[in-house]
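Geometric and topological summary
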Amino acid sequence: MDITKLKNKKLVEWLQGWIDLCTPDEVVFCDGSKKQYNKIANMLVKAGVFIKLDDEKKPNSYAVRSDVGDVARVEERTFICSKTKEEAGPTNNWCDPVEMRAILCGKQNGLYKGCMKGRTMYVIPFSMGPVDSPISKYGIELTDSGYVVCNMNIMTRVSPKILERIDDGTEFVKCVHSVGAPLNPGDADSTWPCDAKHKYITHFPDTREILSYGSGYGGNALLGKKCFALRIASVQARDEGWLAEHMLILKLTNPKGSVKYVAAAFPSACGKTNLAMMEPTLKGWKVETIGDDIAWMKFGEDGRLYAINPEAGFFGVAPGTSMQSNPNAMRTVNKGNCIFTNCAITEDGDIFWEGMDETPDFCVDWLRRPWKKGSKAKAANPNARFTAPASQCPVIAKEWEDPAGVPISAFLFGGRRAAVVPLVNEATSWEHGVFLGATMASEKTAAAAGVVGELRFDPFAMLPFCGYHMGDYFAHWLKIGKKSGAKLPKIYYVNWFRKAADGHWLWPGFGENSRVLKWVFERCDDKADAVSTPIGNLPKDLDFGGLDMPEADKKELLSCDVEGWKGVIPEIKNHFAKFGDRLPKELNKQLEGLEKRLSK
Ligand code: O2Y
Ligand code: MN
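As the structure is a computational prediction, the values presented were derived from the model and not from experiment.

Split into domains, the protein chain comes out as domain 1 (3-48 + 78-241), domain 2 (245-310 + 399-599) and domain 3 (313-392). Computed from C-alpha coordinates alone, the two centres of domain 1 and domain 2 are separated by 34 Å. Listed per partner, the contact involves 31 residues of domain 1 and 30 residues of domain 2. Looking only at domain 1, the three residues that lose the most surface to domain 2 are Thr 91, Ile 135 and Leu 230, adding up to 24% of its buried area. Between domain 1 and domain 2 we count four salt bridges in total. Residue Asp 293 is joined to Lys 226 by a salt bridge in which the shortest nitrogen-to-oxygen separation is 2.7 Å. The interface formed by domain 1 and domain 2 holds 14 residue pairs in polar contact (both at pLDDT 80 or more) in total. At the level of secondary structure, the elements contributing two or more residues to the side of domain 1 that touches domain 2 comprise helix H3 (85-88), strand S6 (120-128) and helix H8 (224-240). No other element matches H8, which puts 11 residues into the side of domain 1 that touches domain 2.

Among the nine residues in strand S25 (residues 406-414), nine count as buried, and that is most of the element. As paired strands, strand S14 (residues 259-265) and S25 are joined by five bridges and run parallel to one another. Counted as the bridge partner of Ala 264 is Leu 412 from S25. When strand S17 (residues 305-308) meets S25, the two strands line up antiparallel, connected through two bridges. Following the sheet pairing, Tyr 306 is matched in S25 by Pro 407.

Below, the discussion takes up the environment of Ile 396. You can see Ile 396 is positioned in the loop between strand S24 (385-389) and S25. For Ile 396, a relative accessible area of 17% gives the class buried. Along the chain, Ile 396 and Val 287 lie 109 residues apart, while their C-alpha atoms are 9.2 Å from each other. If near-sequence neighbours (up to four positions away) are discounted, Ile 396 is found in contact with Glu 288, Thr 289, Phe 314, Ala 390 and Ser 391.

We now examine H8. The terminal C-alpha atoms of H8, which comprises 17 residues, lie only 19 Å apart, well short of the 24 Å expected from a rise of 1.5 Å per residue. The largest bend in H8 amounts to roughly 45° and is located at Ala 233. Within H8, 14 of the 17 residues are buried, leaving the element largely enclosed by the surrounding structure. Phi turns positive one or two residues past the end of H8, at Gly 241, with a value near 85°.

Membership of the largest hydrophobic core comes to 136 residues, with the highest contact counts inside it found for Phe 50, Trp 296, Trp 353, Phe 411, Phe 413 and Trp 477. Broken down by element, this core gets its largest block of residues, eight residues, from H8. Residues Leu 250, Val 287, Phe 521 and Phe 544 belong to the second largest nonpolar core, which totals 36 residues.

Backbone-to-backbone hydrogen bonds join strands into a sheet, with any given pair of strands oriented parallel or antiparallel. The four strands are arranged S21-S20-S22-S23 in an open sheet whose pairing can be described as antiparallel. The strands lining the two open edges of the sheet, one partner per strand, are strand S21 (351-352) and strand S23 (370-372).

This brings us to the sheet that holds strand S2 (residues 51-52). Spatial strand order, S2-S3-S19-S24-S18: five strands in an open sheet with mixed pairing. Of all the strands in the sheet, just S2 and strand S18 (313-317) have a single pairing partner and so form its edges. Both strand S3 (residues 62-64) and strand S19 (residues 339-341) contribute to a ladder of three bridges, which runs parallel. Looking at S19, one finds that Tyr 62 is bridged to Ile 339. Contacts from helix H10 (residues 327-334) reach S18, S19 and S24, with the element oriented near 75° to S24.

What follows concerns the packing of helix H11 (residues 430-438) against helix H12 (residues 470-480). Relative orientation and spacing of two packed helices are given, respectively, by the angle between their axes and the distance between those axes. Their axes nearest at 9 Å, the elements H11 and H12 cross at an angle of 155°. When the axis of H11 is compared with that of H12, the two are roughly antiparallel. As for the relative orientation of H11 and H12, their crossing is right-handed in sense. Here Trp 430, Glu 431, Val 434 and Ala 438 of H11 lie close against H12, whose contacting residues are Phe 474, Trp 477, Leu 478 and Ile 480. Residues belonging to the contact of H11 with H12 are distributed by class as follows: seven nonpolar, no polar and one charged.

Once that is clear, we can look at the side chain of His 575. Topologically, His 575 is positioned in helix H15 (residues 562-577). Accessibility expressed as a relative area gives 2% for His 575, which makes it buried. Here His 575 is in contact with Ala 438, Thr 439, Phe 457 and Pro 459, once residues within four sequence places are set aside.

Considering the arrangement of structural elements, one finds Asp 54 in the loop between S2 and S3. Asp 54 sits 191 residues away from Glu 245 along the chain, and the two C-alpha atoms are 37 Å apart. For Asp 54, the residues in contact, after removing those within four places along its chain, are Pro 59, Asp 348 and Gly 349.

Here we take up the pattern of salt bridges. This model, assessed by the stated rule, comprises 41 salt bridges. A salt bridge links Asp 350 to Lys 58, with the shortest nitrogen-to-oxygen separation between them at 3.0 Å. With Asp 350 in the loop between strand S20 (344-346) and S21 and Lys 58 in the loop between S2 and S3, this residue pair connects regions lying 292 residues apart in the sequence. Accessibility expressed as a relative area gives 16% for Asp 350, which makes it buried. Overlapping salt bridges, with partners in common, bring together Lys 225, Lys 226, Lys 272, Asp 293 and Glu 311 in one network.

Protein coordination at the manganese ion (ligand 2) comes from Lys 226 (NZ), His 246 (NE2) and Asp 293 (OD), with a distance range of 2.2 Å. Coordination of the manganese ion (ligand 2) draws on donor residues from a single chain, spaced K-x19-H-x46-D in sequence. Of the two residues, His 246 is situated in the loop between strand S12 (243-245) and strand S13 (248-253) and Asp 293 in the loop between strand S15 (286-291) and strand S16 (295-299); the sequence distance between them amounts to 47 residues. Asp 293 shares its class with His 246; the two are buried.

We now examine the site of ligand 1. Neighbouring ligand 1 are 14 residues; Arg 73, Gly 219, Ser 268, Asn 383 and Arg 385 lie closest to it. Gly 219 has a polar backbone atom sitting 2.8 Å from an oxygen atom of ligand 1. One of the side-chain N or O atoms of His 246 is found 3.2 Å from an oxygen atom in ligand 1. Computed on the free molecule, ligand 1 has an accessible area of 360 Å², of which 91% lies beneath the protein chains in the complex. For the shell around ligand 1, the secondary structure elements donating two or more residues are helix H7 (218-221) and H8. The class makeup of the residues in the shell around ligand 1 is four nonpolar, five polar and five charged.

Calculation notes
Residues numbered from 1 in each chain as written. Chains lettered and ligands numbered in written order. Predicted model: local features only at pLDDT ≥ 70, side-chain atom pairs only at ≥ 80, totals over all residues. Heavy atoms only, no water. Domains from an automatic or database assignment. Contact = heavy atoms within 4.5 Å. Buried area = accessible area lost by both parts, 1.4 Å probe. Salt bridge = Lys/Arg side-chain N within 4 Å of Asp/Glu carboxyl O. Polar contact = N/O pair within 3.5 Å; in protein donor to acceptor, adjacent residues only side chain to side chain. Helix = DSSP H or I, 4+ residues; strand = E, 2+ residues; numbered from the N terminus. Buried < 20%, exposed > 50% of the residue type's maximum accessible area, 1.4 Å probe, protein only. Pairing = 2+ DSSP bridges. Expected span 1.5 Å × (residues − 1). Bend = angle between axes of the 7 residues up to and from the residue. Core = buried A, V, L, I, M, F, W, Y, C linked by side-chain atoms within 4.5 Å. Axes fitted to C-alpha atoms, helices over the stretch in contact; angles between N-to-C directions. Parallel < 35°, antiparallel > 145°, perpendicular 65-115°, else oblique. Left-handed = near helix turned anticlockwise from the far one by under 90°. Nonpolar A, V, L, I, M, F, W, Y, C, P; charged D, E, K, R; others polar. Donors = N, O, S within 2.8 Å, 3.2 Å for Na, K, Ca; no water. Near = heavy atom within 4 Å. Areas by Shrake-Rupley, 256 points an atom, 1.4 Å probe, with all protein chains shown as cover.

In structure tokens:
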């Protein structure tokens, strides 16, 4: 494929405009084929960017190390460029779209001007979600990073078919990415080119555009993920009446073979991938994975919300992942076909990170230094990642790519709370559930002993990912609940991280979380009892069978700490105040109701 074969004038103009501005030496259209992936990966190996791992340990897999100044998403350099600051709201960085375009695309000294000199521009046509699903959407990412091309091949569906559709007029999200490191003839290239001092991750919701400059890492550069599937998609979802959420999707099967689908929102680093691939300890119960990070949901004709996972791979946090914490993630990466970013490399050509089941005596750390067992320094960067095809997950549900999506029965919200918040709490209504989502929070620092730490609110786990005013986002959730004929999921707030006054964990977590899923499942069928409390419905009984736990701990996990909740109210008020008059009145009513019930 080349640009001369395209017939869509607008598409050609867009593409040619970027070629003219970025002046790459070459333009390559990506087709998602194994052949092209291998060709680019081999080229990256030759350039010293990719390190081929041992084919017995990790078949067809590569390690790559980033620049030390480019190891994570950069929220402070992430901008929503809506027409007005008010539209972006108090939780986003805003920049005037005209100003941002001048900084990035100015014909005289815009950052993109000549930024791909000496490099190849790759044109990646991709689908978020199964091709042809009514819930999926298309994008094209232009990038000068071979690393990004390989990762996008795993994380999204790349295909010439999508370019054909776009050429035929199907709408698409325009994504442009440059590492910001042009090369003059004779310049030596870096193994991780970037412009660490001038990063811009920018979103133009009105024109459905993403312009990313300076970083080659994860969420900053793989533009299908956080930039498109959450920030731009949340705006599309608002305008079109659906939901784009930072949620895992799991399939839960009970011992009788009956199935329900659950979607769950937790802030980053709260174990979403672990829950999505969990091995239940409860006999006869089964969890299978549909997605581990993002859910797009639309109403079906039956009034239920149907969810797809818009992604095709996992970009999982490596440190802490082990056969103990997430055996199915380990099995997924052990099948190979993965990219490991900022992990350590062992002497026998395998990968290592902190928390893995076995620690090698020696390895080379992510900063390329020799590393010895017992060293103080971390072998892997704390935000080291594996990029793995979802299809390789041993517990991937057979319907994970069903274009129709899966019907959601329950939403789970949660955060890390050492005190006050019970193990599970059921919302009494949709509005109450939206209140629970809007007040999602974790303690700022790891609170030790039953102490109420200062809270960091992360509504719906969307704080860094909502592409518009969060007050309007709450209103959108409330509007979804008012859709006529809607058969809405039930809503729950869970907390796996409660500690007792002496500092011990009250709940074992991991596979034992299946006990909470069982209660949720049975509540959805009206088959489990609950106790009404000021904060919501708590389990009358939970299946603790076979768990060696003090009765006092069980009681503490399942009771309403009235005094503790009274202490949280002022923090919720401060949090709500941020949204000014865009905070829906229903949420203030919920807060007043809670306050009244607590003081009865
Ligand atoms: O640091 C990054 O670029 C990745 S952040 C990320 C990756 C996968 C899933 N979730 C997240 C997140 O921050 O929520
Ligand atoms: Mn995430």
